[in-house]
Amino acid sequence: MRATVLRTQTSAAARRPGRLILTGLAILVASFVVFGTVLVQQITERTVRDNLSSTPAATDLVVGKQDQPPPTVTELAHVRAVPGVAEAVGRMAIGVSLGEGYLNLQADPGSGPLATVRVIEGRYPDQPGEIAITPRTAERLGLSVGTTTNGTGGELTTPSRLTVTGVVEPGADAGYDAYAPDRVVTSWAHLNAVERVDVRVAPGGSTEAIRQRVTAAVSGGQPIRSGAEVRQAEANAAAEEVGQLFILVGMFVSIAVVAAALVVTSTFRIVFAQRMRQLALLRAVGASRGTLVGALTAEGALTGLVAGIVGVAGALALGYALPAILRSTGHAVSSPGLPLAAAVAVVIGAVVITVLAVLAPALSAARVSPLEALRTASTTAGRRGIGVLRLVFGLLLVAGAVLTAVATVSQLPEPEQLMYDPTGPLLLLVGSGALAFFALVALGPLLVRPVLAVVGWPLRQLGPLGRMSVGVIGGAPRRAAAVSVVVALGVTLISGVVVGGASMQVLVDREMALSAPTDFEVTSNGGTLPTAVVTRAEAARGALARVVPYRRIDDVTLMRGADRLGDVESGYPTNDLDLKALPTTGDLDVAQGTLADRGPGRIVLNSWVARDTGLRAGDTVTLTLAARRVDVRVTAVLPGDGPLHAGVLTDPADLDRLGVPAAYTGLLADAAGSGEDGRTAGVQALRQAIGGSDGVGLAVLADERDRNDEVVRTLVWIAAGLVSLTVLIAVVGVGSTTALSVVERVRESGLLRAIGLSRTGLRTMLTAESGLYGVIGATLGLLLGVPYAWLAVQTLGINAPLTVPVLPLVGLFVTLVVLTALAGVLPARRASRVSPVVALGADG
C-alpha cells in the first residue's frame, strides 16, 4: 500500500508539470537567486582580478614591498644597469602643497609599456620642476600648459617652481593628480628613495636569470617578486573585499530563502486542502497516516527537485549571457566558471527546504478522516483560528522580542559616552527582530482581521466588489497571514533601510554643515587674507552665489572670575562665522539651547569644549584674549564639533572687543551654477580673486560633500536591492496563492458570473484580493520596520536622529500594493474566462 500510494501521488504530480512549477515557484525563484548570487560573485571576482590591478601587464619583476624599507635611487640606477633589463621605473606618490591647493604627484614614465598615463596635450616632463596634470586638475586648479606655480613636497620645505608642460589622461582623474618621470620627482622633491621599482625584461631574456642579477644589484633585504605575483596579490586584495561584501549579500539571500520556505508551506497547505477528498479516499482504502505523510513529502521533494533544477539552469543561462552582452557593448566583464558543486548544493538545498516546508501541511492533511471521502466537494475550508499551543508559543515569542528590545535600549550609549562597543546591542537587536518576526508568523491569523478592519475600510466603501474582496481575505485568515507575513518581512527590511538611510543622510548633512558648509573655502594658512582677495571674491557674483568671510583665532581662554576653565593651556579655537548667511545652517543640530539666540554677548560651544569646561547652555563665562575680557552667555551647545572645527563660535562684535584685528583669515563661498561646470566656474573666479597672493590656498569642500553623499546613496541602494529579494519572493507567493485560490473557487466564480457579475467585475475582485495581501503585509511591515530602524540607528552609536521619510515610505506602501495586485492579474484573467456553466459543473 505504501508503494502504491507513493507512486500514485508522485505520478499525479508529474502529470501536471504546470501545477508542480506553480507550487514550487517560490523555491524556483529562491534557487535562481542563490545560484545567481554564486555566479555574480564569480563574475565580480574574476572581473576584479582581470581589470583592477594597478601594475602594468608588461611588468616582469617588482623590487620592493610596502612593509619593507624602500629601494633607494642608487639601487634604481643599479637595476637599470643590469644586462637584460629593458626598462626599470621607480613608482612613488608625494603630496605637493601649492599656493592654489594640493597635488598628488606620481612617478610614471609617461610612455612605453610601463606607462599608466598618456599625453593628450603638450609634452611629458623631462626636467626637474616640470609636471603633467590631468584634465580635471587643470580645470580645478586653473592650470594650463605653460603655467608656473610654486610648491613644496617630499623633503622639499622651501617653495620651488613647478611648470606644467602637458596634460595626460590617467585611468582615474580625481582632480588633483600630477605626473612626472621618477628622476624628475626625486630630483625636485630631494628624495633618495622610491616606493618600488617596476622592471621589464628585454625580449628573449629569462625572467629568472634577470631576477638573480637584480637581486645581486640591490641590497640583500629587498624583496623581488614577479609582475604576475604582484598583479595577483593586488587582484586578490580587491577580490577579498568583494568576498566580504558577498558575505553580507549571503545574509540577505538567506532571509529570502526563509521567505520562500514560508511561501511554499502556505502553497502546499492550499494544494493539500484542494485534494482532501482524494486523501480521504486513500485513507478509506487502507492507507495509514504515515503512508500519506511519506507520499506527500515525496511529492514535495519532487517539487523541490524540479524547481531547484529549473532555477539553477535559468541562473546559469543568464550568468553566461549577461557578461557576453556587456562585453559586446564595450564593458570589461569576465564570464563565470561552472561551479558544479555549488549547483548540486543549491538543488539539494531546494529539495531539503521544500521537504521541511511540506512537513507541517502533510501532517495536517494526513489527519483527514476517511469519512471526508463522502463529501461532494474535493476542497475543505481552512481553519480560521489557531490552537492554544500556537497562541501560547506566539505570546512567548512576543514577550521575548519585547524583553530583548528593552535589553538593547538599556545598553544604548549615553549622549557623551566616549567608549562604546555596538557588537552586543546589535546582536540583541537582531535577536529581538527575529523573535518579533516568528511571533508574527505564529500570531498572524489573529492579526489579519483587526488589521483588515482598518486598512480594508476604504475598499469596502467602493461597493459590493470591495466588500466581497475584503470578506474573502478575512474569511481565510490563516492563508492571508501566511502570505502577508512574507510581504511584511520584505517591507520591514526595506522600510528599515529607507529610514536608516534617511537618518544617515541627515547625520552626514550635519557633519558636512560643520566641516564643509559651502562649496569652497579660501584660507590664509595662519595669516590674514589680503583685503583685495575678499573684495574681488565678493564682486564675482556671476560665478559665486555667496561669499562669507570670517576671522579665526586659536588662543581664546574661558574664565569664571579668576578661575580658568578647562585643561587646555593654549586656549580654544574660536571663529565669528555668520551662520545665518550659510544655507546649511538648517542642517545643524544642538544638544542644548538654540542657535537662534546667537548674537553679541552670546556664544556657542562644541561638545568637547563644553565637556572640558563644564559649561552648559545658559551659563555665563568670560572670554579672555591677552589682557582683554568679554563677558558672554552660552546660548547653545553643539552635539559634536563646531563649524570649521571651532571650539567657540562667537559674534564678530565680541572679537572686536577682544582686540582681534579686522582682517579676515578665511572665507567661504558657494558656486552660483550647478554641476561640474558651475563648480569649475566658481574655482576659476576664486583663483582670479586670489591672484598671486602668497600663502593663500583654495579648497573645494563640495568634492568631499559629494563623496560622502555618494557613499550613503550607494549603501542605501545596495541594501534596498538586497532586501528586495525578499519582496520578490513575497510577490511570487501572492501570485501562487491567488492562482491556486482561483482553482479552489471555480464554482464560486461560476455562481457569481451566473447571478450577473461581469468578467471585468470578477477580475477586479480577484485582483483586489491580491492587493489586500500587500496592504496587510505592508501595514504590518511598516509597524515593525520603523521602530526597529530607529533602534538600529541608535545601536550603532553614531548619534544620527530618527528621520521618517514619509513620501518614500508612502511610495513603498503603494508600490508593494501595486506589485501584489499585479501578481493576481493573470490568475484573475484565467478565472474570468471560464464559462459559468462549466464552472458550476466543476467539482469545487
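Conventions and cut-offs
Residues numbered from 1 in each chain as written. Predicted model: local features only at pLDDT ≥ 70, side-chain atom pairs only at ≥ 80, totals over all residues. Heavy atoms only, no water. Helix = DSSP H or I, 4+ residues; strand = E, 2+ residues; numbered from the N terminus. Buried < 20%, exposed > 50% of the residue type's maximum accessible area, 1.4 Å probe, protein only. Contact = heavy atoms within 4.5 Å. Pairing = 2+ DSSP bridges. Axes fitted to C-alpha atoms, helices over the stretch in contact; angles between N-to-C directions. Salt bridge = Lys/Arg side-chain N within 4 Å of Asp/Glu carboxyl O. Patch = residues over 30% accessible without salt bridge, like charges linked within 9 Å, V, L, I, M, F, W, Y side chains within 5 Å. Areas by Shrake-Rupley, 256 points an atom, 1.4 Å probe, with all protein chains shown as cover. Expected span 1.5 Å × (residues − 1). Core = buried A, V, L, I, M, F, W, Y, C linked by side-chain atoms within 4.5 Å. Polar contact = N/O pair within 3.5 Å; in protein donor to acceptor, adjacent residues only side chain to side chain. Phe/Tyr/Trp six-rings, centres within 6.5 Å; stacked < 30°, edge-to-face > 60°.

(A) Structural detail: the overall build of the protein chain. A tally of regular secondary structure across the protein chain gives 26 helices and 23 strands. Taking all 844 residues of the protein chain together, 49% fall into the buried category. The long-range share in the protein chain, meaning contacts at least 24 apart out of those at least 6 apart in sequence, stands at 83%.

(B) Quick look at the sheet that holds strand β12 (residues 520-523). Taken in spatial order, the four strands of this open sheet run β13-β22-β12-β23, and their pairing is antiparallel. Strands at the two margins of the open sheet, each flanked by one partner only, are β13 (544-550) and β23 (697-700). Strand-to-strand twist in this sheet, taken as the mean axis angle between neighbours without regard to direction, amounts to 20 degrees. As judged from the four bridges shared by β12 and strand β22 (residues 666-671), these two strands associate in the antiparallel manner.

(C) Quick peek at the pattern of salt bridges. Applying the stated rule across the entire model yields 15 salt bridges. E87 is paired through a salt bridge with R200; the nearest N and O atoms lie 3.2 Å apart. In this pair, E87 is assigned in strand β2 (residues 85-91) and R200 in strand β10 (residues 196-201), connecting sequence segments 113 residues apart. Between R91 and D108 there is a salt bridge, with the nearest N and O atoms lying 2.9 Å from each other. Within this pair, whereas R91 is found in strand β2, its partner D108 is found in the loop between β4 (102-107) and β5 (118-122), the two being separated by 17 residues in sequence.

(D) Structural view of helix α6 (residues 182-189). Burial within α6 is extensive, with six of its eight residues counted as buried. Those residues of α6 not exposed but buried are D182, V184, V185, T186, W188 and A189. Positive phi appears at H190, one or two residues downstream of α6, with a value of about 60 degrees.

(E) Structural detail: a nonpolar patch on the surface. A grouping of V409, W790, L802, V804, V806, V810, V814, V818, L819 and L822 is seen on the molecular surface, where their side chains present a nonpolar patch of about 800 Å² in accessible area. At six residues, helix α24 (residues 806-823) tops the list of elements feeding residues into the nonpolar patch. Secondary-structure assignment places V806 in helix α24. Exposure remark for V806: the relative accessible area of 53% places this residue in the exposed category.

(F) Spotlight on helix α10 (residues 289-328). When the terminal C-alpha atoms of α10 are compared, their 58 Å separation across 40 residues agrees well with the 58 Å that a helix rising 1.5 Å per residue should span. Just downstream of α10 lies G330, where phi reads positive at about 100 degrees.

(G) Quick peek at the nonpolar core. Counting residues in each nonpolar core, the largest one holds 66 residues, and the members touching the most others are A26, F272, I473, I729 and I776. Looking at this core, the element that brings in the most residues is helix α16 (residues 477-515), giving 12 residues. The contacts of I473, once residues within four sequence positions are left out, are L452, A480, E769, L772, Y773 and I776. One finds V82, L103, A107 and V201 within the second-largest nonpolar core, a separate group that totals 37 residues.

(H) Representation of the side chain of T354. Mapped onto the fold, T354 is located in helix α11 (residues 340-366). From its side chain, T354 meets the backbone oxygen of A350 in a polar contact 2.5 Å long. What T354 contacts, discounting residues up to four positions off in sequence, is I27, V264, F268, G300, T303 and G304.

(I) The pairing of β13, seen in detail. A large share of β13 lies buried, amounting to five of its seven residues. Sheet analysis places β13 next to β22, joined by six bridges and oriented antiparallel. Bridge pairing in β22 links Y550 to G666.

(J) Region of interest: unusual backbone geometry. Although it is not a glycine, H190 sits at a positive phi angle of roughly 60 degrees. With respect to the helices and strands, H190 occurs in the loop between α6 and β10. With phi around 65 degrees, H645 is a residue other than glycine that occupies positive phi space. Residue placement: H645 occurs in the loop between β20 (628-637) and β21 (648-649). Overall, H645 belongs to the partly exposed group, its relative accessible area being 49%.

(K) Representation of the packing of aromatic side chains. Here the structure, examined in full by the defined rule, presents two aromatic pairs. Judged by centre distance (5.7 Å) and plane angle (70 degrees), the rings of Y572 and W608 are edge-to-face. Of this pair, Y572 sits in strand β16 (residues 572-575) while W608 sits in helix α18 (residues 607-613); the two residues are 36 residues apart in sequence, bridging distant segments of the chain. Judged by its relative accessible area of 42%, W608 falls in the partly exposed class.

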